[in-house]
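# Fold and contact review
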Amino acid sequence: MRVNKKYSCLPAEEKGIHIINIRAIEDIGYDQHESTLLNSLSKNPDADCKYGLYFRDGKRKVDYILVYHYKKSSAGKTLARRAQQNDASVRSSKQDQPLPGKGVQLEMGDSEPHLDYHEDDKRFRREEYEGNLVEAGLELERDEDTKIHGIGFVKIHAPWNVLCREAEFLKLKMPTKKMYQINQTHGLLKKINSVIQKITEPIQPKVAEHKPQTVKRLSYPFSREKQHLFDLSDKDSFFDSKTRSTIVYEILKRTTCTKAKYSMGITSLLANGVYSAAYPLHDGDYEGENVEPNDRKLLCEEWASYGVFYKYQPIDLVRKYFGEKIGLYFAWLGVYTQMLIPASIVGIIVFLYGCATVDENIPSMEMCDQRNNITMCPLCDKTCSYWKMSSACATARASHLFDNPATVFFSVFMALWAATFMEHWKRKQMRLNYRWDLTGFEEEEDHPRAEYEAKVLEKSLRKEHKHKETDKEKLTWKDRFPAYLTNFVGIIFMVGLTFAIVFGVIIYRISTAAALAISSTPSGRSSVRVTVTATAVIINLVVIIILDEVYGCIARWLTQIEVPKTDKNFEERLIFKAFLLKFVNAYTPIFYVAFFKGRFVGRPGDYVYIFHSFRMEECAPGGCLMELCIQLSIIMLGKQLIQNNLFEIGIPKMKKFIRYLKLKRRRSLDHEEHMKKKQRYEVDYNLEPFAGLTPEYMEMIIQFGFVTLFVASFPLAPLFALLNNIIEIRLDAKKFVTELRRPVAVRAKDIGIWYNILRGIGKLAVIINAFVISFTSDFIPRLVYLYMYSENGTMHGFVNHTLSSFNVSDFQAGTAPNDPLDLGYEVQICRYKDYREPPWSENKYDISKDFWAVLAARLAFVIVFQNLVMFMSEFVDWIIPDIPKDISQQIHKEKVLMVEVFMREEQGKLQMLETWKDKDKRKGENCNNHSPRLSRSRSGSLSSCHSYPLDV
């Protein structure tokens, strides 16, 4: 077995401090007795290090934490306690102690059995990796004497020189000493802005970062050669905790462990279980008495609380604490929620217009008029009987609430709203980029993922085994072809599964409708359609929620077997697959009701059957739009209530409760550990790890689809989305602040692939709404009747015009109603909704000319509506500039000021050179006079020139 690398401790002057210093020198031991004595003399070391936020010297911040598992037996604990009391026992075991820090572990002692090969291998990898971290300039400190049994922590601190070096490598823009005035509005705009500020003051968060700024520091990529440009008066706060953790994480990803032909960064070590977790620390506690003020506590009070739901989000503070990527998500969510307010207001107005005009709607009045005595054909074979059209009066009146002329206007409005929302977000994004110093930021290629490196290593080892030359290997499409084939087959299978489930629900609806129609009570027969629709939608909702979770896991697995090279590639491929599967899952039942139900029914006497026994279901006399509205509203509200809110609240609470029970069981086993106060890194370890923003974006994108795609059938969708998002923002905020470990801050200047998905949904919404208005609603048939067939220019007679006649003697054998006298009289002619020739015509039951006239009008409307709205959307896109004028001016001003700063610096250097030349010239003249005194002072004068101060 390889000899362990030894660790040395600091001198005795720094009490209780143990910095890991890995050296490959075998004869250097670790004097545990000295450090144990010093630890015992310190009064309250945990208070000095602020309970885990600092190293044990209380001065150096903990920038990152690595967590690992180790085997800690009862024998080891007993020997550790003896070591603190008995000097001889410590000296006898000190040669076997490779792990310094707080606590003692006897891994190689004679009293404890040897660990297995895998544990030794992990420990050796940790030792090498931590040694490489020390070589990279980081300072480490270990703690295994914690309340969590068998868990060790490595605290990492980045000193000033490492921070400066990495900030220069990462090209981090940092504020300089130079400050400049931000251009302010003048005249009428200034007065309007001041009035708006006074009005909105109560809804502004009480944080310093949210106050309007009149001056801004000029930012420049950090450079060690130009440190004089930056304000370094307070080096401790120059790099905030978010930046420090980002820098350390970059070093962790770059540092490798090369034992046994492995080349492993932190991602590979985590994947292989060498470390169990790696995370930056939260700034402190967010609740409790005597809690020191910190950004986390401020975020909890002013952002992650339901009591401040009416306030703006402190986006700048969110970015300062969590980084630009998470800040952009919450900024986008805030803009989206803000834009839902006008859409909700217009939707409510459209709905109220439908309510106000329902009694004036002639077609619904004709359907409800019992004097018309319109007898309809049976809805199913044998068991269903003839029925009166007036029995569907409630459905017809309800349909008018959503199927009225205002709906067309609302569809056009929402298409323009989507285009305006996208433009507004682009402008907001540019403002944030300017405020957060992201202008000119370009994402560099990320480090390869652990799985990709492992696959490349496996490929190179296979070539070595075959005695082939192994250049720098990479995965080609041939290596990934089995994964691509699996992806294609898997996605096709999942989409087919969704269609099969929808088809199964259709069979359920048809069979249930036939079964309920046997009911002898008239009230039961009248409520068949509502009962079937409601139960089928609930089944669809349950299936959608279950399949959503399944498809999320399958999409991740399909992406993993592709082995993308970088995290960015992995995320984009995962998003594409998950969105495709969840989009199909959520919208397939709605697409069926909107565009397929009632289209392939046939006619009485010649119906279309499934499996030769189930007749295809028909739309209600008022059309399928009302059913589409029910389907959309229940699925949308159910997903938001159950999946987005209850799951997000319930599942973390349940996991927290399970962790509490496990911790309680451990406390009962070890009362001594229970009495100790938890360190910050122990508390954060018990939080949920951050799993990325993909689930958060996904649920909002699916909701955006509900709001825009079928808004013609449900004008109240924006209102329900708005109410959900008000809760969603605070729910997500509370989760990020209190339930999750602090994520590593990631720089980003936009929301990435999600923007393209939003644009795609916006374009698709125009097409779908055009077809919903044309083919699902009765808007076009009404217009055709009004302008082509109406005798008096009104809608009187429209219902009769849309119904065709059928002679009951033409029923196929075995399909006529079992009780033809159910209505109390013998029926000769029944009516059904279609445009067909009457039975007394020469071409009876053929499609009539009216059908082709209505179809032509529908197609013409689709073409006109789609092109008109697309043109208007493009016009909105063109007329609104992507970059606000004031921001473009400020960016230009920054460039000019930066040039001025460097020009002054160059001028200062030239002046110094001229001064040196003049002094050298004078010294030369004095030397010609052979003055020894002046000669002796020359070197001192020149040296003073070199220390000439430069103030930029």
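Residues numbered from 1 in each chain as written. Predicted model: local features only at pLDDT ≥ 70, side-chain atom pairs only at ≥ 80, totals over all residues. Heavy atoms only, no water.

### Digging into the packing of helix α11 (residues 295-302) against helix α26 (residues 717-739)
- Here α11 crosses α26 at 160°, and the two axes come no closer than 10 Å. It follows from the interaxial angle that α11 and α26 lie roughly antiparallel. Read as a crossing pair, α11 and α26 show a hand that is left-handed. Between α11 and α26, the residues in contact are R296, L299, C300 and E302 and R730, V737 and T738, respectively.
- Considering only residue class, the contact of α11 with α26 consists of 3 nonpolar, 1 polar and 3 charged. (Axes fitted to C-alpha atoms, helices over the stretch in contact; angles between N-to-C directions. Helix = DSSP H or I, 4+ residues; strand = E, 2+ residues; numbered from the N terminus. Parallel < 35°, antiparallel > 145°, perpendicular 65-115°, else oblique. Left-handed = near helix turned anticlockwise from the far one by under 90°. Contact = heavy atoms within 4.5 Å. Nonpolar A, V, L, I, M, F, W, Y, C, P; charged D, E, K, R; others polar.)

### Describing the nonpolar core
- If you look at the biggest cluster of nonpolar residues, it comprises 126 residues, and the most contacted ones within it are W332, Y336, W417 and F710.
- No other element matches the 15 residues that helix α21 (residues 567-596) contributes to this core.
- Apart from residues no more than four positions distant in its own chain, F710 is found in contact with Y587, I590, F591, A594, F595, L628, L632, G705, I768, N769 and V772.
- Of all hydrophobic cores here, the second largest spans 47 residues; its members include Y70, A167, V248 and I887. (Core = buried A, V, L, I, M, F, W, Y, C linked by side-chain atoms within 4.5 Å. Buried < 20%, exposed > 50% of the residue type's maximum accessible area, 1.4 Å probe, protein only.)

### Structural notes on the pairing of strand β3 (residues 64-69)
- Taken across its 6 residues, β3 has 5 buried, putting it largely inside the fold.
- In the sheet, β3 pairs with strand β8 (residues 277-279) via 3 bridges, with the strands oriented antiparallel. In the strand pairing of β8, L66 is matched with A278. (Pairing = 2+ DSSP bridges.)

### Description of the sheet that holds strand β4 (residues 139-143)
- The 4 strands lie next to each other as β4-β5-β3-β8, forming an open sheet whose pairing is antiparallel. Pairing within the sheet leaves two strands with one partner each, and these edge strands are β4 and β8. Each strand of the sheet is rotated relative to its neighbour by a mean of 20°, with strand direction disregarded.
- On the sheet, helix α5 (residues 117-135) packs against β3, β4 and β5 (151-157) and is oriented at approximately 165° with respect to β3.
- Contacts from helix α9 (residues 241-254) reach β3 and β5 within the one sheet, and its direction differs from that of β3 by about 50°.

### Re the confidence of the model for the chain
- Scored by pLDDT, the chain has a mean of 79; 82% of the residues are at 70 or more.
- Low confidence marks residues 1-43, where pLDDT is under 50. Its contacts with residues over four positions away, or in another chain, come to 87 contacts.
- In this model, residues 73-115 is a region of pLDDT below 50 whose contacts with residues beyond four sequence positions or in other chains number 63 contacts. (pLDDT = per-residue confidence, 0-100.)

### Section: helix α28 (residues 779-789)
- Turning to α28, its buried residues number three or more, namely F779, I780, P781, R782, V784 and Y785.
- Looking at the buried positions of α28, the neighbouring elements they touch are α14 (362-368), α16 (405-435), α27 (753-776), α29 (798-802) and α30 (849-879).

### Considerations on the state of the cysteines
- In the structure shown here, the tally under the stated rule is 2 disulfides.
- What pairs with C368 in a disulfide is C393, and their sulfur atoms sit 1.9 Å apart. A torsion of 95° about the S-S bond marks the disulfide between C368 and C393 as right-handed. Of the two residues, C368 sits in helix α14 while C393 sits in helix α15 (residues 393-402), which places them 25 residues apart along the sequence.
- Paired through a disulfide, C377 and C830 show a sulfur-sulfur distance of 1.9 Å. A torsion of 85° about the S-S bond marks the disulfide between C377 and C830 as right-handed. Of this pair, C377 sits in the loop between β9 (375-376) and β10 (387-388) while C830 sits in strand β16 (residues 829-833), placing them 453 residues apart in sequence.
- With a relative accessible area of 4%, C377 lands in the buried category. (Disulfide = S-S within 2.5 Å.)

### Regarding the environment of F720
- With respect to the secondary-structure elements, F720 resides in helix α26.
- Once the C-alpha coordinates of F720 and M636 are considered, the two residues, 84 residues apart in sequence, prove to be 8.6 Å apart.
- Not counting the four nearest positions on each side in its chain, F720 is found in contact with M636, L637, Q640 and F714.

### Let's talk about empty space enclosed by the protein
- Taken as a whole and assessed by the stated rule, the structure comprises 13 cavities of 30 Å³ or more.
- Of the voids in this model, the largest cavity is the one considered here, and its volume is about 160 Å³.
- In this structure, the largest cavity is lined by 14 residues; those nearest its centre are A418, A419, R759, K763 and S873.
- Looking at the lining of the largest cavity, the elements with two or more residues in it are α16, α27 and α30.
- Here the lining of the largest cavity is composed, by residue class, of 7 nonpolar, 2 polar and 5 charged. (1 Å grid on protein atoms, 1.4 Å probe; cavity = no way out; pocket = protein on both sides within 12 Å on 5 of 7 lines; lining within 4 Å. Points joined across faces, edges and corners; volume = space filled by probe spheres on them.)

### Quick notes on the packing of aromatic side chains
- For the structure shown, the criterion picks out 51 aromatic pairs.
- On the basis of an interplanar angle of 20° and a centroid distance of 5.2 Å, the ring pair of Y697 and W754 is categorised as stacked. Here the residue Y697 occupies a position in helix α25 (residues 694-709), and W754 occupies one in helix α27, the gap between them amounting to 57 residues. In terms of burial, Y697 and W754 fall into one category: buried.
- Its guanidinium or amino end placed over the ring of Y434, K216 lies 5.0 Å from that ring's centre, counting from NZ or CZ.
- Looking at R615, its charged tip hangs above the ring of Y607, at a distance of 3.5 Å from the centre. (Phe/Tyr/Trp six-rings, centres within 6.5 Å; stacked < 30°, edge-to-face > 60°. Lys NZ or Arg CZ within 6 Å of the ring centre and 35° of its normal.)

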